[in-house]
Amino acid sequence: MYNAKAYAATSATSPLARTTIARRDLTEHDVQIEILFCGICHSDLHTVRNEWQEFMPTVYPCVPGHEIAGRVTKVGSAVSKFKPGDIGAVGCLVDSDGTCEHCKAGFEQFCPNGTFTYNSPDKHLEGVTFGGYSDSIVVDERFVLRVPSNLDLAATAPLLCAGITTYSPLRRAGVTKDKKVGVVGLGGLGHMGVKLADAMGAHVVVFSTSPNKKEDALRLGADEVVISRNADEMAKHAGSFDFILDTVSAQHDINAYLNLLAVDGRLTIVGAPPQPLGVAAFALIMGNRSFSGSSIGGIPETQEMLDFCGEHNITADVEVIPIQKVNEAYERLLKSDVKYRFSIDMASLRSE
Ligand code: NAP
Ligand code: ZN
């Protein structure tokens, strides 16, 4: 084992603070990565504050972070995909059994023996896994992704969660140029959803509670922007969407969006508010509409998404911050005040 620098929360109410954690020595299949950037996902905040305690309670200390980009510093003897000096990236998954039906199908996120990047039982060390708010991590090479060389690394880190979580449901919904696609919430996930749906050729409509994001939404690739608190603006789109992607992190009226779906339309929720949402049966029945969920994406699809982003020159719009500002960033996330993803420059931790 060796020591790594990290930021951790010690309880649901304490701020993230500097600590030292243990990382494992490399096994033959492992890659050691010097973390250069790590995005801040709203899931980090939900986890740090134990907001998902009913579904996945947080074990403290908690080191969040699952949008990791960095440089390979060491590789195990059996590693073939990476060598020291290469750029590598890690998302929400760091291990799985590789043998179950889901792993074989490339959906490692559903493996019953899978390991999430943080707050998951650690198969090598005691306790739970520690994420990317750290200067270093050790990951099985199967879970390390290649980054297209034309992409800026600080802005690429968020693709590892916000990118794949929006890419996967858009692809599954068959989004192409003739489709009308709604994206609800213009935050980290939402702004990636807009860029990706636009690159897939769709007619993209953003639903936002923040009037001051209108110009940005259009610049990011939206064709129209609806301020969702305005009932008249909402009504204009009734019954017209092929697909709506809901990325909202808090309680909201889901029926307002189900009613905007066309016949056979589908709304997929990726936002994960802790409280249940009240779905009106009639909003689904009238129009054979579907309401579904989507969980990140498997490793093959994550690589496909990164390659797609490389081809289309897509990265996140990031505000790069030093790790010392992470608690402030969390407060801003709660106020929907992020344009549109915080990316932590880990040089700030290295020099601490
Ligand atoms: P984020 O950057 O904070 O964005 C969330 C956006 O939702 C906000 O920018 C805001 O957009 C809107 N919003 C916030 N509070 C709202 C409210 N009370 N009513 C209506 N709209 C509201 O968060 P994120 O990192 O994109 O994550 C979004 C959610 O997805 C989180 O719950 C996260 O845990 C979840 N998530 C799920 C997966 C998955 O696999 N399914 C993966 C990653 C994240 P406007 O200002 O435009 O209204
Ligand atoms: Zn995430």
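Attention here is on the structure that accompanies the text. (Residues numbered from 1 in each chain as written. Chains lettered and ligands numbered in written order. Predicted model: local features only at pLDDT ≥ 70, side-chain atom pairs only at ≥ 80, totals over all residues. Heavy atoms only, no water.)

### Here we look at the environment of V72
Then, number 1: Structurally, the position occupied by V72 is in strand 4 (residues 68-75).
Then, number 2: V72 gets classed as buried once you look at its relative accessible area, which sits at 2%.
Then, number 3: Considering only alpha carbons, one finds V72 and Q32, 40 residues apart in sequence, at a separation of 5.8 Å.
Then, number 4: Ignoring sequence-local partners within four residues, the contact set of V72 consists of V31, Q32, I33, F82, K83, P84, G85 and D86. (Helix = DSSP H or I, 4+ residues; strand = E, 2+ residues; numbered from the N terminus. Buried < 20%, exposed > 50% of the residue type's maximum accessible area, 1.4 Å probe, protein only. Contact = heavy atoms within 4.5 Å.)

### Regarding the packing of helix 4 (residues 162-172) against helix 10 (residues 299-312)
Then, number 1: At a closest axis distance of 10 Å, the pairing of helix 4 and helix 10 adopts a crossing angle of 95°. Looking at the two axes, helix 4 sits roughly perpendicular to helix 10. In contact with G163, I164, Y167, S168 and R171 of helix 4, helix 10 contributes E301, T302, E304, M305 and F308. (Axes fitted to C-alpha atoms, helices over the stretch in contact; angles between N-to-C directions. Parallel < 35°, antiparallel > 145°, perpendicular 65-115°, else oblique.)

### Here's the deal with the packing of helix 4 against helix 5 (residues 188-199)
Then, number 1: For the pair helix 4 and helix 5, the least separation of the axes is 8 Å and the interaxial angle reads 50°. In this view, helix 4 runs oblique relative to helix 5, as classed from their interaxial angle. In this structure, the crossing between helix 4 and helix 5 has a hand that is right-handed. Between helix 4, through A162, G163, T165, T166, Y167 and L170, and helix 5, the contact on the second element is made entirely by G188, L189, M192, G193, L196 and A197. (Left-handed = near helix turned anticlockwise from the far one by under 90°.)

### Comments concerning the site of ligand 1
Then, number 1: Around ligand 1, a shell composed of 30 residues is seen, among which S208, T209, S210, K213 and R341 lie nearest.
Then, number 2: At a separation of 2.6 Å, an oxygen atom of ligand 1 approaches a polar side-chain atom of S208.
Then, number 3: Its free accessible area being 930 Å², ligand 1 has 89% of it covered by the protein chains.
Then, number 4: In terms of residue count, helix 1 (residues 42-48) provides more of the shell around ligand 1 than any other element does, 3 residues in total.
Then, number 5: For the shell around ligand 1, a count of residues per class yields 11 nonpolar, 17 polar and 2 charged. (Near = heavy atom within 4 Å. Polar contact = N/O pair within 3.5 Å; in protein donor to acceptor, adjacent residues only side chain to side chain. Areas by Shrake-Rupley, 256 points an atom, 1.4 Å probe, with all protein chains shown as cover. Nonpolar A, V, L, I, M, F, W, Y, C, P; charged D, E, K, R; others polar.)

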